[in-house]
Structures are given as C-alpha cells and as structure tokens.
Amino acid sequence: MLFVLFLLFSHDSTSQDITGSWRWFKQDRAFTIFLYKPESDDELLGSYDLIGEHCGQYYNGGRIDCADQLSIFLKKERDNSFTGTIKSAYSDGISEIRILYSPKTNQINWQVIKGVGQFYFPYDAILEK
C-alpha cells in the first residue's frame, strides 16, 4: 500500500503547476503570458486545462499585440505538454500553439504551430518565470 502511495505522489511531482506570469525578451522584442486554471464551474472554459492572456511588443513598442481579454486556451496532452490556440489582439487571427514545460530548467518552450494573420508574438521562444 505504501508503495502505491509513493508512486502516486512521485508521479504528481513530475508535472509542475505552470500558472502565473512568463516572459521572453530579445533585442527590441518582448512577450509575456499569464496562465491560470479556469473555474471548475465555468461551462464555457471548463473544457480547458489552462487559459490566459498575452502581450507582445515588437520594434521597441512600435507594434503592440496585447490582449485585454482571454486570448490563450490550452488543453493538456500529457505531463508538461499543452496544445491550444492564441488569438492575436492585433489582427484577431487565431493561431495554433504548443507549450512544453521543462521542470529541470523551470522554463516554457513556446511554439506557434500554425500562425494565422498578422501577430506580434514569437514563433519559437523560451519563456522564464
């Protein structure tokens, strides 16, 4: 019995909670996301494991893509791996994304799988808390 409990708790420890604020900076570009878990009683958002908002700034703020409402919707594929969509506040295009969390480095690997419309967030980036 103790062995079973140990396996349950050790399995949970490999998957970390990635809610909160994450950011990326490169030269004249910046990108931040804020992720959180939807309320369990919310019928519209309850099918998602994580939801959030984003803000992308390029050309030292010359182009801004910052959502003032929910823009990120993610479902968990497996431990530390999520897929979903992001809606650009700049063009309203909805792109497909993947987020891979690395517990070892405490970083998120951000990937736009299928970009739609014009947007100002990176295709590939490593985000830090």
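Located above this text is the structure these notes cover.
What you see is a predicted model, and the numbers here were worked out from it, not measured in a lab.

What counts as what
- Residues numbered from 1 in each chain as written.
- Predicted model: local features only at pLDDT ≥ 70, side-chain atom pairs only at ≥ 80, totals over all residues.
- Heavy atoms only, no water.
- Helix = DSSP H or I, 4+ residues; strand = E, 2+ residues; numbered from the N terminus.
- Buried < 20%, exposed > 50% of the residue type's maximum accessible area, 1.4 Å probe, protein only.
- Contact = heavy atoms within 4.5 Å.
- Disulfide = S-S within 2.5 Å.
- Salt bridge = Lys/Arg side-chain N within 4 Å of Asp/Glu carboxyl O.

S.K.: Help me get a handle on the environment of Arg-98, residues and values and all.
M.R.: Along the polypeptide, Arg-98 turns up in strand E7 (residues 94-102). Judged by relative accessible area, Arg-98 falls into the partly exposed class, the value being 27%. Expressed as a C-alpha distance, the spacing of Arg-98 and Ile-113, which sit 15 residues apart in the sequence, is 6.7 Å. When neighbours within four sequence positions are excluded, Arg-98 is seen to be in contact with Glu-77, Phe-82, Thr-83, Asn-109, Trp-110, Gln-111 and Ile-113.

S.K.: I'd like to hear about the state of the cysteines, residue by residue, with values.
M.R.: Disulfides are covalent bonds that link the sulfur atoms of two cysteine residues. Scanning the model with the defined rule gives one disulfide in all. Put simply, Cys-55 and Cys-66 are joined by a disulfide, and their sulfur atoms are 1.8 Å apart. Of this pair, Cys-55 sits in strand E3 (residues 50-58) while Cys-66 sits in strand E4 (residues 63-66), placing them eleven residues apart in sequence.

S.K.: So what's going on with the pattern of salt bridges? Which residues, and what values?
M.R.: Counted by the stated rule, this structure contains three salt bridges. Residue Asp-28 pairs with Arg-29 through a salt bridge whose shortest N-O separation is 4.0 Å. Two residues, Glu-77 and Arg-78, come together in a salt bridge whose shortest N-O distance is 3.7 Å. The class of Glu-77 is partly exposed, set by a relative accessible area of 40%.

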